[in-house]
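Chain by chain, the residues run as shown.
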Amino acid sequence: MGFVLAPPASAAGFRLEAFDTIGSTNATALERARAGDPGRLWVVSSKQETGRGRRGRVWATPEGNLAATLLLVNCCPMPVAATLGFVAGLALGDALEACVPDAGRIAIGADGGGDARAKSRFELKWPNDVLAGGAKLAGILLESTMLEGGGFAVAIGIGVNVVAHPAEMPYPATSLTVLGARGDAQTLFLALSDAWLAAERIWDGGRGLDAVRRTWLKRAAGLGSEVAVRVDGEIVRGVFETIDAECRFVVRDRHGKHWKIAAGDVHFGVIASAAAD
Ligand SMILES: O=C(O)CCCC[C@@H]1SC[C@@H]2NC(=O)N[C@@H]21
């Protein structure tokens, strides 16, 4: 397997474990932490047998896609760790733009107009998806574990549909190949490990969260538009106004009430019933 870390990442003390095939990079990273790994470890594979998605879903990683998990140990106060998904979103957006040179044309469609070109190429969908042309290209899953003797570890799992995307999903999905982009999982990982460093520096253990939040909002999908959010079986409808200081999704409903949502599934547009995505 040819995965390598970007030189700045190795210089900053990151390590890498690369696999041809793995169950789940998140599961392996958390096992390493429980066995005493000090963290700042990337676990990477281009195929997963039992990849995990958000909300207990399965995440398929056929050969050629990217599954990468960054393990951090005692990286910040525990409540702040939940914001690492936004840091990962920024890093992944940067990595995609760096190594997919034709991304502008891809994300807005071949017949896109001049105004659209100024928009971010890869959009971030709250909480942790990356969209290209409105379809899901990548997902991020944070998992954590308490450690014996105190402290905690967090696994920041990043899955990118490089060569293939799942069929028959309840939401549109895509891959870099479908989009006509050149690029492979290894090149993308190299860019990701580099971009992570820059994003983590801005985040600064949570002290720079507001800068992360503002940058994230510049790339946010659906900002200012109608959304339906499924929260614990209920559906909240309204306009996506912002994400707040705690990175909660803020919706203004038609009565002017603001909903601050910590976890839920977002659908864009006005729809009769929001199917889970
Ligand atoms: O449901 C989602 O959108 C999140 C998907 C996260 C998938 C990644 S692939 C690397 C890491 N290992 C896993 O088992 N899951 C995450």
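Because the structure is predicted, anything quoted here is derived from the model rather than measured.

**Here we look at helix 6 (residues 185-203)**
Next, step 1: Here helix 6 contains 19 residues, and its C-alpha end-to-end distance of 25 Å stays within 8% of the 27 Å for a straight helix at 1.5 Å per residue.
Next, step 2: Taken together, the buried positions of helix 6 are Ala185, Leu188, Phe189, Ala191, Leu192, Ser193, Ala195, Trp196, Leu197, Ala199, Glu200 and Trp203.
Next, step 3: If you check the start of helix 6, you find a side-chain oxygen 3.0 Å away from the backbone N of Gln186, and it comes from Asp184.
Next, step 4: Just downstream of helix 6 lies Asp204, where phi reads positive at about 55 degrees.

**Structural notes on the pairing of strand 7 (residues 152-160)**
Next, step 1: Counting buried residues in strand 7 gives nine out of nine residues, a clear majority hidden from the surface.
Next, step 2: Side chains Phe152, Val154, Ile156, Ile158 and Val160 of strand 7 all project onto a buried face; the interleaved residues Ala153, Ala155, Gly157 and Gly159 project onto the opposite face, where all are buried too.
Next, step 3: Both strand 3 (residues 66-73) and strand 7 contribute to a ladder of eight bridges, which runs antiparallel. Pairing of Ala67 across the sheet is with Gly159, part of strand 7.
Next, step 4: Looking at chain direction, strand 6 (residues 135-146) and strand 7 are connected through nine bridges and run antiparallel. Across the sheet, the residue bridging to Gly139 is Gly159, located in strand 7.
Next, step 5: Hairpin connection, strand 6 to strand 7: the antiparallel pair is bridged by five residues, and Gly149 has positive phi, about 85 degrees.

**Observations regarding the site of the ligand**
Next, step 1: Taken together, 20 residues sit near the ligand, with Ser24, Thr25, Arg52, Arg54 and Lys136 positioned nearest.
Next, step 2: A distance of 2.7 Å is found between an oxygen atom of the ligand and a side-chain nitrogen or oxygen belonging to Ser24.
Next, step 3: When the ligand is considered free in solution it has 420 Å² of accessible area, and contact with the protein chains removes 98% of it.
Next, step 4: A per-element tally of the shell around the ligand places strand 6 first, with four residues.
Next, step 5: When its residues are assigned to classes, the shell around the ligand shows six nonpolar, ten polar and four charged.

**With respect to the pattern of salt bridges**
Next, step 1: On inspection of all chains with the given rule, the structure shows 15 salt bridges.
Next, step 2: Note that Asp265 and Arg55 form a salt bridge whose closest N and O atoms lie 3.8 Å from each other. One end of the pair, Asp265, is in strand 12 (residues 265-268); the other, Arg55, is in the loop between strand 2 (41-45) and strand 3, and 210 residues separate them in sequence.
Next, step 3: Here Arg214 and Asp210 are joined by a salt bridge, their closest N and O atoms 3.1 Å apart. Of this pair, Arg214 and Asp210 both sit in helix 7 (residues 209-218), four residues apart, which is roughly one turn of the helix.
Next, step 4: Taken together, the salt bridges that share partners define one network made up of Arg54, Arg55, Arg57 and Asp265.

**Some points on the domain arrangement of the protein**
Next, step 1: Looking at the protein, the domain boundaries give domain 1 (7-218) and domain 2 (226-275).
Next, step 2: Placing a centre on the C-alpha atoms of domain 1 and another on those of domain 2 gives a separation of 24 Å.
Next, step 3: The partner domain 2 presents 15 residues to the 13 residues of domain 1 that form the contact.
Next, step 4: Of the roughly 1200 Å² buried at the junction of domain 1 and domain 2 (both faces included), carbon and sulfur atoms supply 65%.
Next, step 5: Where domain 1 packs against domain 2, one counts three salt bridges.
Next, step 6: Across the contact surface, domain 1 and domain 2 share four residue pairs in polar contact (both at pLDDT 80 or more).
Next, step 7: Among the elements that take part in the side of domain 1 that touches domain 2, helix 7 stands out by supplying four residues, more than any other.
Next, step 8: Class assignment of the residues belonging to the side of domain 1 that touches domain 2 gives a composition of seven nonpolar, one polar and five charged.

**Remarks on unusual backbone geometry**
Next, step 1: In the segment running from Trp126 into Pro127, the intervening peptide bond is cis, with an omega of 0 degrees.
Next, step 2: Mapped onto the secondary structure, Pro127 falls in the loop between strand 4 (122-125) and strand 5 (129-132).
Next, step 3: Unlike most non-glycine residues, Arg55 shows phi in positive territory, near 55 degrees.
Next, step 4: At Asn74, a position not held by glycine, the phi torsion is positive, near 50 degrees.
Next, step 5: Residue position: Asn74 is located in the loop between strand 3 and helix 3 (84-99).
Next, step 6: Its relative accessible area of 47% is what places Asn74 among the partly exposed residues.

**Some details on helix 3**
Next, step 1: Over its 16 residues, helix 3 extends 22 Å from the first C-alpha to the last, a length consistent with the 22 Å expected when each residue adds 1.5 Å.
Next, step 2: For helix 3, a buried count of 13 out of 16 residues is recorded, marking the element as mostly surrounded by other parts of the structure.

Conventions we followed
Every residue gets a number counted from 1 within its own chain, in the order that chain's sequence is written. Only residues with pLDDT of 70 or above have their local features reported here, since the model is predicted, and side-chain atom pairs are shown and tallied only from 80 upward, although totals for entire chains, interfaces and linings are computed over all residues. Water and hydrogen atoms were dropped before computing side-chain values, which therefore reflect all heavy atoms in the structure. Numbering of helices and strands starts at the N terminus; helices are DSSP runs of H or I of at least 4 residues and strands are runs of E of at least 2. For a helix, the expected span equals 1.5 Å multiplied by the number of residues minus one. Relative accessibility decides the category of a residue: with a 1.4 Å probe and only protein chains considered, values under 20% of the type maximum give buried, values over 50% give exposed, and everything between is partly exposed. In protein, a polar contact requires one atom able to donate a hydrogen and another able to accept it; more generally it is a pair of N or O atoms within 3.5 Å, and residues adjacent in sequence count only if both atoms are side-chain atoms. Pairing between two strands requires that DSSP report at least two bridges joining them. The cutoff for a nearby residue is simple: one of its non-hydrogen atoms must lie within 4 Å of the molecule or strand. All accessible-area figures derive from a Shrake-Rupley calculation using a 1.4 Å probe, and residue coverage is judged against the displayed protein chains alone. Charged residues are taken to be Asp, Glu, Lys and Arg, nonpolar residues to be Ala, Val, Leu, Ile, Met, Phe, Trp, Tyr, Cys and Pro, and polar residues to be all remaining types, Gly included. Within this document, salt bridges are pairs made up of a side-chain nitrogen of Lys or Arg and a carboxyl oxygen of Asp or Glu, the two lying within 4 Å of each other. Bear in mind that the domain bounds are from an automatic or database domain assignment. The contact criterion used is simple: two residues touch if any of their non-hydrogen atoms lie within 4.5 Å. Buried area is calculated as the accessible area (1.4 Å probe) missing from two parts once they are joined, with the contributions of both summed.

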